[in-house]
Amino acid sequence: MPAPFPHCCSLQINNTCVPGGREKIGKEKGWGGAKMAKFTLKAENFCSFLPQTTSTTVGKAFAFRDKSVGGSYFQLSPVRPSSLKFRVLCGIREKDGVKKEGETVPAVAPSHQGVNGVRVGEAKQGGGEVGFDWNWPPWKNLPPRYKLIGTTSLAFVICNMDKVNLSVAIIPMSNQFGWSSSTAGLVQSSFFWGYALSQLPGGWLAKRFGGRKVLELGVLTWSCATALVPLLAGFMPGLVFSRILVGIGEGVSPSAATDLIARTIPLQERSRAVAFVFGGLSVGSVTGLLLAPALIQHYGWESVFYLFGLFGLAWFIGFQTMVEQEASYTAEPAANSSSHEEEKSQGSSLEELGESMNDVPWKPIFKSPAVWAMIYAHFCGSWGHYNCLSWLPTYFSEALNLNLTEAAWVSILPPLASVFVTNLAAQLADKLISSGVETTTVRKFCQTVGFLAPALCMIPSAVDLGLHPWQVVGILTAGLALSSFSLSGLYCTHQDISPEYASILLGITSTTGAVPGIVGVALTGYLLDTTHSWTISLFAPSIFFYLTGTIVWLVFASSKPQNFSR
């Protein structure tokens, strides 16, 4: 299907056409090099575009082609049959041949009966100009894939806001309900139970129904469950169940995003797309850790869950509105028969997609050494990431003697630095690939940096070197920020190996990657209760998995495309 017209606007001429004047077109540079034009129409020539109005034409869309305007195509769709208010779709097919200012337009057609009895073409000449302004909203002229990536990244911002809110709120909640570190670890790890359970189903759903629909459902689920936490906090089974629902909603989102990227983004832009989408997690962590302490201090810990849940619901409603507007304004002008054939073709595509999921090549997938390298690397990276995400605020509070607000502010530093590192790593990876460096080499380099940097920077915290607390904070921040290189390593390899099964592959690796959230977060709390040592409970296991993950990745990882179906 040809690309939809890039511009659309609503035009109303006060139910009267005024002849006289001229039409002029100003060319301007469009997004991505497309030829686009801004129009300022005087009403003299507009009347000649309208067909003879009859009872059968009122309320219907009609189109015309004007060779005098550089091969432009216009479609006018009446908003209401009772008025001359039109939605105008126009596209410029050629760069040259656009009429210059000062050239006259052919004479208007004979007057005819207009809508609601108004005689079109009989008003006196010299009417006012009708201006077209289609530069708002600012993202209106962006290519659809950029809009999709932007909204997906925003969903991931909210995703991590709802993930980190408990890591801050757990401190006053533990004080209020008398929870031990083991109980607090159980509450925090319950999120990952749902997260692990939803990985493979999320990949299947994204492949079957498309990543967009799965992402919508995931955001709605985790937002509602987040808002329920304060109501269920005093009842442990209910609280655990609500966090499991949050995990289920967030668990389907990575597979949904991977499916969107694999289908819409070319290889040369993939690292940046992945970094931009998953980089929303770091922005979400920063935003959540910024807002949570102030909300808790002024309105109580309950306010964090209510407000963050509301953010997700607002995203869901806004995303629905955006999709509906995009669908209504990008319709290709075609005859009814063509539209029918297009709908039939789309329906067939969905049926074929559903049938293809009945026979996922599980055996070839699990026989691939590269897949197993991704599985173990995802497990190792998640062990360090999830434990630090859950326990660093408590570590800063207890081990470094910072209060709640200071601990939360310090916890912002690693994800804040990750925002910049993520962009740097993505630009570097795409530049290396574009310059001819083998994709596998680039992915191995980025993932190695993402593993070795945090492992080395955790050593000063694991071994008491007598450093000042702020020196420890700075070193940890640097290491955890550099772990964002993984977004241009492991997290791009799923799409590199098989765009067709990228969501399935991420579902597989994320399932094992969620196990550290279940086992590791709870185990850290248990070890902390029994040993009272942050080295044994948090840092030593993370360093071990970072180092072994690096070895396995360098030996077995590959980004060469694989045809699992064959």
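Residues numbered from 1 in each chain as written. Predicted model: local features only at pLDDT ≥ 70, side-chain atom pairs only at ≥ 80, totals over all residues. Heavy atoms only, no water.

In the nomenclature of an unreviewed UniProt entry, the chain is known as Major facilitator superfamily (MFS) profile domain-containing protein of Linum tenue. Of the comments in the UniProt record for the chain, the one headed Subcellular location (unreviewed entry) reads "Plastid, Chloroplast membrane". UniProt, in its Sequence similarities (unreviewed entry) section for the chain, records the words "Belongs to the major facilitator superfamily. Sodium/anion cotransporter (TC 2.A.1.14) family." (UniProt positions renumbered as here; feature names shortened; annotations may be inferred.)

1. Structural notes on the environment of L205
For L205, the location among the structural elements is in helix 3 (residues 199-209). For the pair formed by L205 and S503, sequence separation is 298 residues and the distance between their alpha carbons is 9.0 Å. Those residues in contact with L205, other than ones at most four positions away along the chain, are G210 and V214. (Helix = DSSP H or I, 4+ residues; strand = E, 2+ residues; numbered from the N terminus. Contact = heavy atoms within 4.5 Å.)

2. Some details on the pattern of salt bridges
Scanning the entire structure with this criterion turns up 2 salt bridges. R272 serves as the salt-bridge partner of D430, at 2.8 Å between the closest nitrogen and oxygen. In this pair, D430 is assigned in helix 12 (residues 404-434) and R272 in helix 7 (residues 267-299), connecting sequence segments 158 residues apart. Under the relative-accessibility criterion, D430 is labelled buried at 3%. (Salt bridge = Lys/Arg side-chain N within 4 Å of Asp/Glu carboxyl O. Buried < 20%, exposed > 50% of the residue type's maximum accessible area, 1.4 Å probe, protein only.)

3. A look at the UniProt feature "transmembrane region" (unreviewed entry) in the chain
Summarizing the sequence annotation, UniProt attributes the feature "transmembrane region" (unreviewed entry) to residues 214-236, 273-292, 304-323, 445-463, 469-492, 504-528 and 534-556 in the numbering used throughout. Annotated as residues 214-236, this span is 87% helix and 0% strand, and its ends, taken at the C-alpha atoms, are 29 Å apart. Counting secondary structure, residues 469-492 comes out at 71% helix and 0% strand; the distance between its end C-alpha atoms is 36 Å.

4. Considering unusual backbone geometry
A positive phi angle is found at N401, which is not glycine, with a value near 60°. Within the secondary structure, N401 is located in the loop between helix 11 (369-398) and helix 12. Phi is positive for H532, which is not a glycine, with a value near 55°. Relative to the helices and strands, H532 resides in the loop between helix 16 (502-531) and helix 17 (534-556). Residue classification places H532 among the exposed positions, given a relative accessible area of 65%.

5. Some remarks on the nonpolar core
I365, Y395, F396, M458, L476 and F539 are the most contacted members of the largest nonpolar core, which has 76 residues in total. In terms of residue count, helix 11 provides more of this core than any other element does, 15 residues in total. Those residues in contact with M458, other than ones at most four positions away along the chain, are C388, L476, L480, F539, S542, I543 and Y546. If you look at the next biggest cluster of nonpolar residues, it comprises 25 residues, including W179, A184, V286 and L295. (Core = buried A, V, L, I, M, F, W, Y, C linked by side-chain atoms within 4.5 Å.)

6. Here we look at the packing of helix 13 (residues 439-462) against helix 15 (residues 490-497)
Closest axis-to-axis distance for the helix 13/helix 15 pair is 9 Å, and the angle between their directions is 160°. Regarding the angle of helix 13 to helix 15, the classification is roughly antiparallel. When you trace helix 13 past helix 15, the crossing you get is left-handed. On the side of helix 13, the interface is formed by T439, R443 and Q447, while helix 15 contributes L490, C492, T493 and D496. (Axes fitted to C-alpha atoms, helices over the stretch in contact; angles between N-to-C directions. Parallel < 35°, antiparallel > 145°, perpendicular 65-115°, else oblique. Left-handed = near helix turned anticlockwise from the far one by under 90°.)

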